[in-house]
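Residues per chain are reported as follows:
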Amino acid sequence: MKRLVVLAPNWLGDAIMALPAIADVRRAAPEVSITIAARRVIAPLFALVPAVDHTVVLPPPPTLGNVAGWRALGAELADNQFDTALLLPNSMHAALVASRARIPERWGYRAGWRGALLTRAVPRTFGLHQVEYYQRLVQALGFPNGPIEPSVAVPPAAREEAACVLKKAGWDGRLPLVALAPGAAYGGAKRWPPPSFAGVVAALAADGVRCVMIGSGADAATGEEVLNALGRRDNPPPLTNLIGRTDLATLAGVLSHARALVTNDSGAMHLGAAVGVSVTAVFGPTDETATRPLGDAHRVLLNPVWCRPCMLRECPIDHRCMRGIGVAAVVDAARRTL
């Protein structure tokens, strides 16, 4: 193996949880050129990962009737002379991309009906944390496992850019900073109620802490709900809103300035933990044993009702798994991480 391409997971959180497995490969094969093939929104993450040499942006999967798109599948990888592909997603699409790119060695979990497209198909394992799931794959392929906690390196330029953005938005550079990530992809069931996040802002402001909201543009409506719950027209507590105003590198820089992060189960949760921020995570419909942030610095809060973890996008009843987690408990956990 001289030129390896790793097909990255499709979601930010999953991509971050795959970093220890990628580090295992780099540690065992320091002379190999490692390229990551990822979706456009995920690819910038790997500029923060020293183990990665190059990044290739993959287009989204073609729609069923897009004949030209299916014919071009794998074209982005075909001319790079890769001899090996490591498939981290379990999808048939990932296997087709590597196969159509004519990469001789194609390694991954045997999932669905794609086993015939792989040259080394590893039987799947279940009941693991997602980090362990990826590490189990590379271990089965001959790469010994190392540290289990994901880590990224925030460049000095990203820290400086983040400090400029924060100061322009009202941070004086001296008050302790706590980041809030009130959004979450996949559905509303994963989101702790915005008024509860507003309660955290108010309580931490009384401690002399400034809060900053982070997230992608898709989280803008949720951020507005937090601001509305604060009653921003009536002298609101200090809160900076950076939702949709940072790229991924700058977001990592913002998190590197924070003392703590209060978040739902989201990509921001995993990025914060990988940057080295102490995380207070609120879990509802998702399984904390599979996706919680790893490490002793973090706190996970949940309401152990009978219906969780249901893994549903939207709650069909009263969202009791999230509404049953009180503001006081989250504030207390956040203070402990501070």
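Our structure is the block above this text.
Residues numbered from 1 in each chain as written. Predicted model: local features only at pLDDT ≥ 70, side-chain atom pairs only at ≥ 80, totals over all residues. Heavy atoms only, no water.

> Can you explain the overall build of the chain? Please cite residues and give values.
The helix and strand inventory of the chain stands at 14 helices and 12 strands. Radius of gyration (C-alpha) of the chain: 21 Å, near the 20 Å computed for a compact globule of 338 residues. Projected onto its principal axes, the C-alpha coordinates of the chain cover approximately 65 × 45 × 40 Å. Residues counted as buried form 51% of the 338 residues belonging to the chain. Contacts in the chain between residues at least 24 apart in sequence constitute 62% of all its contacts with a sequence separation of at least 6. For the chain, the computed accessible surface area is about 15,200 Å², with 53% contributed by carbon and sulfur atoms. (Helix = DSSP H or I, 4+ residues; strand = E, 2+ residues; numbered from the N terminus. Rg over C-alpha atoms; globule rule 2.2 N^0.38 Å. Buried < 20%, exposed > 50% of the residue type's maximum accessible area, 1.4 Å probe, protein only. Contact = heavy atoms within 4.5 Å. Areas by Shrake-Rupley, 256 points an atom, 1.4 Å probe, with all protein chains shown as cover.)

> For helix α11 (residues 267-275), give the residues involved together with the corresponding values.
Of all nine residues in α11, nine are buried; the element is thus mostly enclosed. Where α11 is concerned, the buried positions are G267, A268, M269, H270, L271, G272, A273, A274 and V275. Packing partners of the buried residues in α11 comprise α1 (12-17), β7 (177-181), α10 (248-257), β10 (260-264), β11 (278-282) and α12 (288-291). With its phi angle positive at about 115°, G276 sits one or two positions after the end of α11.

> So, the sheet that holds β10: which residues are in play, and what are the values?
One open sheet accounts for six strands, arranged β9-β8-β7-β10-β11-β12; its pairing is parallel. Pairing within the sheet leaves two strands with one partner each, and these edge strands are β9 (239-241) and β12 (299-301). Each neighbouring strand pair of the sheet contributes to a mean axis angle of 20°, computed without reference to strand direction. With five bridges connecting them, β10 and β11 associate as parallel partners. Residue pairing across strands places L261 opposite V279, the latter belonging to β11. (Pairing = 2+ DSSP bridges. Axes fitted to C-alpha atoms, helices over the stretch in contact; angles between N-to-C directions.)

> I'd like to hear about the environment of A111, residue by residue, with values.
The topology assignment puts A111 in the loop between β5 (105-110) and β6 (120-123). On a C-alpha basis, the gap between A111 and L180 in space is 36 Å, while along the polypeptide they are 69 residues apart.

> Break down the side chain of S33 for me, with residues and values.
With respect to the helices and strands, S33 occurs in strand β2 (residues 33-39). Taking the relative accessible area as the measure of exposure, S33 reaches 16% and is therefore buried. Other than its neighbours up to four places away in sequence, S33 contacts K2, R3, L4, D53 and H54.

> Which residues make up the pairing of strand β1 (residues 3-7), and what are the values?
Here β1 lies mainly inside the structure; four of its five residues are buried. Pairing analysis gives five bridges linking β1 to β2, with the strands arranged parallel. Of the residues in β2, the one forming a bridge with V6 is I36. Looking at chain direction, β1 and strand β4 (residues 84-87) are connected through four bridges and run parallel. In the strand pairing of β4, V6 is matched with L86.

> Before we move on, could you go through the packing of aromatic side chains and cite the residues and values that matter?
Two descriptors summarise a pair of aromatic rings, namely the distance from one centre to the other and the angle between the planes of the rings. As enumerated under the stated definition, the model contains four aromatic pairs in all. Ring-pair connections join several aromatic residues into one group, and the members of that group are Y109, Y133 and Y134. Over the aromatic face of W107 sits the side chain of R120, whose NZ or CZ is 4.9 Å from the ring centroid. (Phe/Tyr/Trp six-rings, centres within 6.5 Å; stacked < 30°, edge-to-face > 60°. Lys NZ or Arg CZ within 6 Å of the ring centre and 35° of its normal.)

> Report on the pattern of salt bridges, specifying residues and quantitative values.
A complete count under the given rule lists seven salt bridges for this structure. Linking D207 and R335 is a salt bridge whose minimum nitrogen-to-oxygen distance equals 2.7 Å. A residue pair is termed long-range when its members are at least 10 positions apart, and D207 in the loop between α8 (194-206) and β8 (210-213) and R335 in helix α14 (residues 327-337) qualify at 128 residues. For R335, a relative accessible area of 40% gives the class partly exposed. (Salt bridge = Lys/Arg side-chain N within 4 Å of Asp/Glu carboxyl O.)

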